[in-house]
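These are the residues of each chain, in order.
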Amino acid sequence: MTVASLFFVVETRPQPQGSLVRGRHGGIHSDNKHLAGFREAVGWSARAALRDGRIPMAGEHVPVSLDCNFYFERPKSVKAERTFPAVRPDLDKLCRAVCDACTGVLWADDGQVCEIHASKFYGAPERAEVTVRLAATEGVRE
């Protein structure tokens, strides 16, 4: 079985996909006002990588593996000995934002993501590095 992979970088501050809240006029929206811009950047970065012809979009029921590394600038108040940003945003919510942004771009449904490896680091520039692997080539849409 051949495994196809795709790597792309989202060159903006990663944003978590948090809870939904009801607005004053009854509408429902994310509690993170920066989420839409991050998800849009993820989608465009993924589309650009697809245009490079690295892998085709995964068709229905094709299992996908996702590796995400999120980088955040170290605040001046944080000592250099602290290696990892063990603070908000939550890693699972960062991954949720990437998964939802890639739905309809890299895979048909985010339920196809069967494996996720994710980490948060201090680093500049702030960014998300994403690797997607298709577990099989059958069922792949060109």
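Numbers given to residues run from 1 along each chain, matching the order in which its sequence is written. Local features in this predicted model are restricted to residues of pLDDT 70 or higher, and side-chain atom pairs are both shown and tallied only at a pLDDT of 80 or more, whereas totals for entire chains, interfaces and linings draw on every residue. No hydrogens and no water enter the side-chain calculation; it runs on all heavy atoms of the structure.

This part takes up the packing of aromatic side chains. Only the six-membered ring of Trp is used, alongside the rings of Phe and Tyr, when aromatic pairs are assigned; centres must lie within 6.5 Å, and planes under 30 degrees apart are stacked while those over 60 apart are edge-to-face, with the rest tilted. As enumerated under the stated definition, the model contains two aromatic pairs in all. Note on Y71 and F121: the rings are 5.3 Å apart at their centroids and 25° apart in plane angle, and the pair reads as stacked. Linking Y71 in strand 5 (residues 64-72) with F121 in strand 6 (residues 113-122), this pair joins segments that are 50 residues apart in sequence. When a residue's accessible area, from a 1.4 Å probe over protein chains only, is under 20% of the maximum for its type it is buried; when over 50% it is exposed; and in between it is partly exposed. Residue Y71 is classed as buried on the basis of its relative accessible area of 14%. When its relative accessible area of 25% is taken as the criterion, F121 is described as partly exposed. Among the aromatic side chains, those forming a connected cluster through ring pairs are Y71, F84 and F121. Put simply, DSSP H or I for four residues or longer makes a helix, DSSP E for two residues or longer makes a strand, and each gets a number counted from the N terminus.

Here the focus is the pairing of strand 7 (residues 127-134). Most of strand 7 is tucked away, with seven of its eight residues classed as buried. Here, strands pair whenever DSSP counts at least two bridges between them. Where strand 1 (residues 4-10) and strand 7 come together, seven bridges link them in antiparallel fashion. By the bridge assignment, S5 is partnered in strand 7 with R133. Relative to strand 7, strand 5 runs antiparallel, the two being bridged by eight bridges. Bridge pairing links N69 to E129 in strand 7.

Now for helix 2 (residues 91-102). A helix's residues, less one, multiplied by 1.5 Å, set its expected span. With 12 residues, helix 2 extends 17 Å from end C-alpha to end C-alpha; this agrees with the ideal 16 Å at 1.5 Å per step. For helix 2, the set of buried residues is L94, C95, A97, V98, C99, A101 and C102. Contacts made by the buried residues of helix 2 are with strand 1, helix 1 (35-51), strand 5, strand 6 and strand 7. After helix 2 finishes, the residue G104 shows a positive phi value of roughly 85°. Between two residues, a contact is recorded if the distance between any of their heavy atoms is within 4.5 Å.

Moving on, we get to the nonpolar core. For the purposes of this section, nonpolar cores are sets of buried Ala, Val, Leu, Ile, Met, Phe, Trp, Tyr and Cys residues that join through side-chain atoms within 4.5 Å. F8, L66, V98, L106 and W107 are the most contacted members of the largest nonpolar core, which totals 31 residues. The set of elements that each furnish at least two residues to this core consists of strand 1, helix 1, strand 5, helix 2 and strand 7. Among the elements that make up this core, the one with the highest residue count is helix 2 (seven residues). Apart from residues no more than four positions distant in its own chain, W107 is found in contact with M57, A58, V64, L66, C99, C102, Q112, V113 and V132.

A few words on the side chain of K120. Residue position: K120 is located in strand 6. For K120, which is buried and forms no salt bridge, the nearest opposite charge comes from D90, at a distance of 5.9 Å. There is a polar contact of 2.5 Å between the side chain of K120 and the backbone oxygen of V87. There is a polar contact of 2.9 Å between the side chain of K120 and the backbone oxygen of P89. Once residues within four sequence positions are removed from consideration, K120 is found in contact with F70, F72, F84, P85, V87, P89, L91 and L94. Charge assignment: positive for Lys and Arg, negative for Asp and Glu; neither His nor the chain ends contribute. Salt bridge criterion: a side-chain nitrogen from Lys or Arg within 4 Å of a carboxyl oxygen from Asp or Glu. In protein, a polar contact means a hydrogen-donor-capable atom and an acceptor-capable atom, both N or O and within 3.5 Å, with residues adjacent in sequence counting only if both atoms are side-chain atoms; elsewhere, any N or O pair within 3.5 Å suffices.

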